[in-house]
2 protein chains.
Amino acid sequence: LVLEYEGTRYHGWQIQDNGYTVQEALSDAIYKISGERTMPHGAGRTDAGVHALGQVASFLTNSRIPGERIADALNAYLPRNISVLDSRDVSLDFHPRKHARGKHYRYLVLNRSRRDVMFENRSWHYSAELDVEMMNKAGSTFVGTHDFTSFCASGHSVKTFERTIHKATWHRMGDLLVFDVEGSGFLYNMVRIMVGTLVDVGRGKIIDSDVRDILERKNRMLAGATAPADGLYMMKVFYNEEDYDTKLR
Amino acid sequence: LVLEYEGTRYHGWQIQDNGYTVQEALSDAIYKISGERTMPHGAGRTDAGVHALGQVASFLTNSRIPGERIADALNAYLPRNISVLDSRDVSLDFHPRKHARGKHYRYLVLNRSRRDVMFENRSWHYSAELDVEMMNKAGSTFVGTHDFTSFCASGHSVKTFERTIHKATWHRMGDLLVFDVEGSGFLYNMVRIMVGTLVDVGRGKIIDSDVRDILERKNRMLAGATAPADGLYMMKVFYNEEDYDTKLR
């Protein structure tokens, strides 16, 4: 499944005890169309309040509904803040997270003095003036393969903090500052800490060469604050076709 | 005040018994900054679910807060789906509805098969193919001074059903069909009935010359359905400066 959701009213992607999640909403819809209780796998565990325009999920079913028809079937039962854009049969061992070879995230900063009711819960409202050219310049520091320890929420253990970033750019679109970042994978809160740090550059609190220093010193305390979840959008997950397409295997 | 609001969670503009309204929310914020209980006048009574990007409202106060500072003061207390964009002192007899010499409304139709979670409650989701050029052509029928009885919710008595429309155009913006209509004033549900009728043109149920016929026959039953409130935006209210500016009087 390729799906989009407005994350404001969900406690993130992953099932948990104290709140309804996108994964559960999807599981409930799958139950309604198939009678089967199953928990779909997702490409990424978006946090509470984070949105998705291209999350990818998969699940195993005995349903006779053809793969391409699953999208419409699920949409008939899903809440209106979740929409399945596309569906297809994939090979049995396809896993949306393990096979992902990259992801594209976008972050929106609403940079004007007054709030915008239409971007409430969908952007980080930041009133002070920001130098988007400096932010863009500093963002390029992330491009390449680096140890991103400084840009990972502390207390998270992973095999390696090394990730490859292919693109990290800012551009202004009216009152919105748009951050696009693509990479092989992302650590916990990595995009939001990148944004918090680059906003520090934009307001002149630090300069672009400081970002390289922060990166090299591998210490979360040195980077900026974690930007709010509201502005983050999971845009796209990249795969090699042969990893999911049954015809190519 | 010039204000914007996301109307989804309000029972429209005007105070009523069975639900919280924008007017009340504004009244509550005025009370918090001034200690005065007053009900602001609005330029238009938007229905439940209708949005505004340029509603105009005024109120009488003994507060010593300068007119230009009222916006920030109110925003500190207003819910986050209402935002005051601008505020100023106006002449004592200014009335936002009575002095309005025109209004601009916009209507958004989301015209694609799958819903868009980001435009949920903010557009009319219409899946079937629509011919936007035909809709635009038919829309021009409304331009000029006409009796709009056919485009007014029945059971509403007004002095005259005559209104002047200056502009009524459709254009496509990706999956969105955008209807912009400007006029001297609008009858109850007028924009939404215009949209319902023009969508009938777009799907080929009626042709553009039928719209002229519907207009001339002055009968609500002949026009299309009332389009949902969700897609309607009050964009701007027009005034003659001398009607509000104390310096010009």
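Notes on the structure in this doc start here.

What counts, and where the lines are drawn
- Residues numbered from 1 in each chain as written.
- Chains lettered and ligands numbered in written order.
- Predicted model: local features only at pLDDT ≥ 70, side-chain atom pairs only at ≥ 80, totals over all residues.
- Heavy atoms only, no water.
- Helix = DSSP H or I, 4+ residues; strand = E, 2+ residues; numbered from the N terminus.
- Contact = heavy atoms within 4.5 Å.
- Expected span 1.5 Å × (residues − 1).
- Buried < 20%, exposed > 50% of the residue type's maximum accessible area, 1.4 Å probe, protein only.
- Pairing = 2+ DSSP bridges.
- Buried area = accessible area lost by both parts, 1.4 Å probe.
- Salt bridge = Lys/Arg side-chain N within 4 Å of Asp/Glu carboxyl O.
- Polar contact = N/O pair within 3.5 Å; in protein donor to acceptor, adjacent residues only side chain to side chain.

Residues and elements named next belong to chain B. Structurally, the position occupied by Ala29 is in helix H1 (residues 22-34). In this structure the C-alpha to C-alpha distance between Ala29 and Ala225, which are 196 residues apart in sequence, comes to 37 Å. Once residues lying within four places of it in the same chain are set aside, the contact partners of Ala29 are Leu74, Tyr77 and Leu78.

Think of an α-helix as turning once every 3.6 residues; residues three or four places apart then point the same way. All names here are of chain B. Taking 1.5 Å per residue, 13 residues should reach 18 Å; helix H4 (residues 190-202) reaches 18 Å between its end C-alpha atoms and fits that length. Taking burial as the measure, the 13 residues of H4 include 13 buried ones, the bulk of the element. With its phi angle positive at about 85°, Gly204 sits one or two positions after the end of H4.

For the rest of this paragraph, the subject is the pairing of strand E5 (residues 102-110) of chain B. Residue and element names in this part refer to chain B. Taken across its nine residues, E5 has eight buried, putting it largely inside the fold. One ladder, built from six bridges, connects E5 with strand E10 (residues 232-238); its direction is antiparallel. Each bridged residue has a counterpart across the sheet, and for His104 the counterpart in E10 is Lys236. Where E5 and strand E6 (residues 124-125) come together, two bridges link them in parallel fashion. Bridge pairing in E6 links Val109 to Trp124.

Next up on the list: the interface of chain A and chain B. The partner chain B presents 27 residues to the 27 residues of chain A that form the contact. Taking both partners together, chain A and chain B bury about 2200 Å²; carbon and sulfur atoms supply 44% of that area. For the chain A face of the interface with chain B, the top three residues by lost area are A:Arg114, A:Arg115 and A:Met118, together amounting to 34%. Remark: the boundary between chain A and chain B carries six salt bridges. Two residues, A:Arg80 and B:Glu120, come together in a salt bridge whose shortest N-O distance is 2.6 Å. Here chain A and chain B share 22 residue pairs in polar contact (both at pLDDT 80 or more) between them. Sorting the residues of the side of chain A that touches chain B by element identifies strand E1 (2-5), strand E3 (51-58), helix H2 (70-75) and strand E4 (82-86) of chain A as the ones contributing at least two each. No other element matches E4(A), which puts five residues into the side of chain A that touches chain B.

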